[in-house]
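Reading the structure
These are the residues of each chain, in order.
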Amino acid sequence: FDTRQDNIATPVLDANGNPVLRPDGSGVYAARDGVRSRGFELEVAGRVTDDVQLSFGWTYFSMQDSAGDDVRSFLPRTLVRLFGTWQPRQWVPDLTLGAGFNWQSGTSSTIASPSGAYTLRQGGFGQLSLMARYQFTPQVSAQFNANNVLDKKFFVLDEFDNTYYGAPANYAVSLRMTY
């Protein structure tokens, strides 16, 4: 893909690279023209054997203004996703087990505060997820999902200083019934 945009809101920076702040500590934004995003997205999915399904996705992009400066560095430039399921039909015919791994490249965001500004940098990281589903009948199944199994601590960054920790390890059980 190759996208060109004008009028993109970006933080106004002073001569030292710090965001210009209003008296209340919030940032000042201005429109930036000539922003170009380009990259690729690849996804492959399919059944490897009768009992194993795999999917793989890879996304890469760059986003720069007309001067070649990075724009929106809080967005990861590379994402890789791998997920697979296995049905051990020979042992437990109605069970499906799955595992996935998501990885993203490093990001950064300039955080503004009344006492000054600093750049928060986060290196690339991965998260592991697991699932198990049992099909009791054609109409009834139960599923267990575990996300961020290794409890990786990470930030969710954005350009508006809404930086917060991402979801810790979490689990869910669901019962599905169809008519």
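The paragraphs below set out a description of the structure included in this document. Worth saying up front: this structure is predicted, and the values here are computed from it rather than measured. (Residues numbered from 1 in each chain as written. Predicted model: local features only at pLDDT ≥ 70, side-chain atom pairs only at ≥ 80, totals over all residues. Heavy atoms only, no water.)

**Describing the environment of tryptophan 103**
Position of tryptophan 103 relative to the elements: it lies in strand β7 (residues 95–104). Residues tryptophan 103 and phenylalanine 154, 51 residues apart in the sequence, show an inter-C-alpha distance of 12 Å. Not counting residues up to four positions away in its chain, the partners in contact with tryptophan 103 are Thr78, Leu79, Val80, Gly124, Phe125 and Gly126. (Helix = DSSP H or I, 4+ residues; strand = E, 2+ residues; numbered from the N terminus. Contact = heavy atoms within 4.5 Å.)

**Some words on unusual backbone geometry**
A positive phi is found at arginine 72, a non-glycine position, where the angle reads about 55°. With respect to the helices, strands and loops of the structure, arginine 72 is situated in the loop between β5 (52–64) and β6 (78–86). Of the residues examined, arginine 72 reaches a relative accessible area of 25% and is grouped as partly exposed. Positioned with a positive phi, asparagine 148 is a non-glycine residue whose angle comes to about 50°. Within the secondary structure, asparagine 148 is located in the loop between β11 (140–147) and β12 (155–156). Here asparagine 148 falls in the buried class, since its relative accessible area comes to 5%. (Buried < 20%, exposed > 50% of the residue type's maximum accessible area, 1.4 Å probe, protein only.)

**Notes on a nonpolar patch on the surface**
Taken together, the side chains of Phe40, Leu42, Val44, Phe56, Trp58, Tyr60, Leu82, Phe101 and Trp103 make up a nonpolar region of the molecular surface, amounting to roughly 780 Å² of accessible area. Contributions of two or more residues to the nonpolar patch are made by β4 (35–47), β5 and β7. Residue leucine 82 is classed as partly exposed on the basis of its relative accessible area, which comes to 44%. (Patch = residues over 30% accessible without salt bridge, like charges linked within 9 Å, V, L, I, M, F, W, Y side chains within 5 Å. Areas by Shrake-Rupley, 256 points an atom, 1.4 Å probe, with all protein chains shown as cover. Salt bridge = Lys/Arg side-chain N within 4 Å of Asp/Glu carboxyl O.)

**As for the packing of aromatic side chains**
Counted according to the given criterion, the structure contains seven aromatic pairs. Relative to tyrosine 165, the ring of phenylalanine 155 lies with its centre 4.9 Å away and its plane at 20°, an arrangement referred to as stacked. Remark: tyrosine 165 occurs in strand β13 (residues 164–165) and phenylalanine 155 occurs in strand β12; sequence separation between them is 10 residues. Of the residues examined, tyrosine 165 reaches a relative accessible area of 57% and is grouped as exposed. (Phe/Tyr/Trp six-rings, centres within 6.5 Å; stacked < 30°, edge-to-face > 60°.)

**Comments concerning the pairing of β5**
Bridge count for β4 against β5 is 12 bridges, and the pairing is antiparallel. Within β5, the residue paired with arginine 36 across the bridge is glutamine 64. Adjacent in sequence and paired antiparallel, β4 and β5 are bridged by four residues. Looking at chain direction, β5 and β6 are connected through nine bridges and run antiparallel. Paired with tyrosine 60 across the bridge in β6 is threonine 78. (Pairing = 2+ DSSP bridges.)

**Let's talk about the sheet that holds β6**
Overall, antiparallel pairing links the eight strands, which are arranged β1-β4-β5-β6-β7-β10-β11-β14 in an open sheet. Of all strands in the sheet, those bounded by a partner on one side alone are β1 (2–5) and β14 (170–177). In this sheet, neighbouring strand axes are inclined to one another by 15° on average, regardless of whether the strands run parallel or antiparallel. Two strands pair when backbone bridges link them, and strand β10 (residues 125–137) and β11 are joined in this way by seven bridges, in the antiparallel orientation. Paired with methionine 131 across the bridge in β11 is asparagine 145. (Axes fitted to C-alpha atoms, helices over the stretch in contact; angles between N-to-C directions.)

**Some points on the environment of arginine 176**
Looking at the element boundaries, arginine 176 is found in strand β14. For arginine 176, a relative accessible area of 58% gives the class exposed. Each C-alpha atom, one on arginine 176 and one on valine 20, is 52 Å from the other, the two residues being 156 residues apart in sequence. If sequence neighbours within four positions are ignored, arginine 176 has contacts with Gln139, Val140 and Ser141.

**Overview of the pattern of salt bridges**
Applying the stated criterion across every chain yields a total of five salt bridges. The residue aspartate 2 makes a salt bridge to arginine 4 at a minimum N-O spacing of 3.8 Å. Relative accessible area serves as the criterion here: at 41%, aspartate 2 is assigned to the partly exposed category. Among the ionic pairs, arginine 32 bridges to aspartate 65, the shortest N-O distance being 2.8 Å. You can see arginine 32 sitting in strand β3 (residues 29–32) and its partner aspartate 65 sitting in the loop between β5 and β6, a full 33 residues away along the chain. The exposure class assigned to arginine 32 is partly exposed, which follows from its relative accessible area of 23%.

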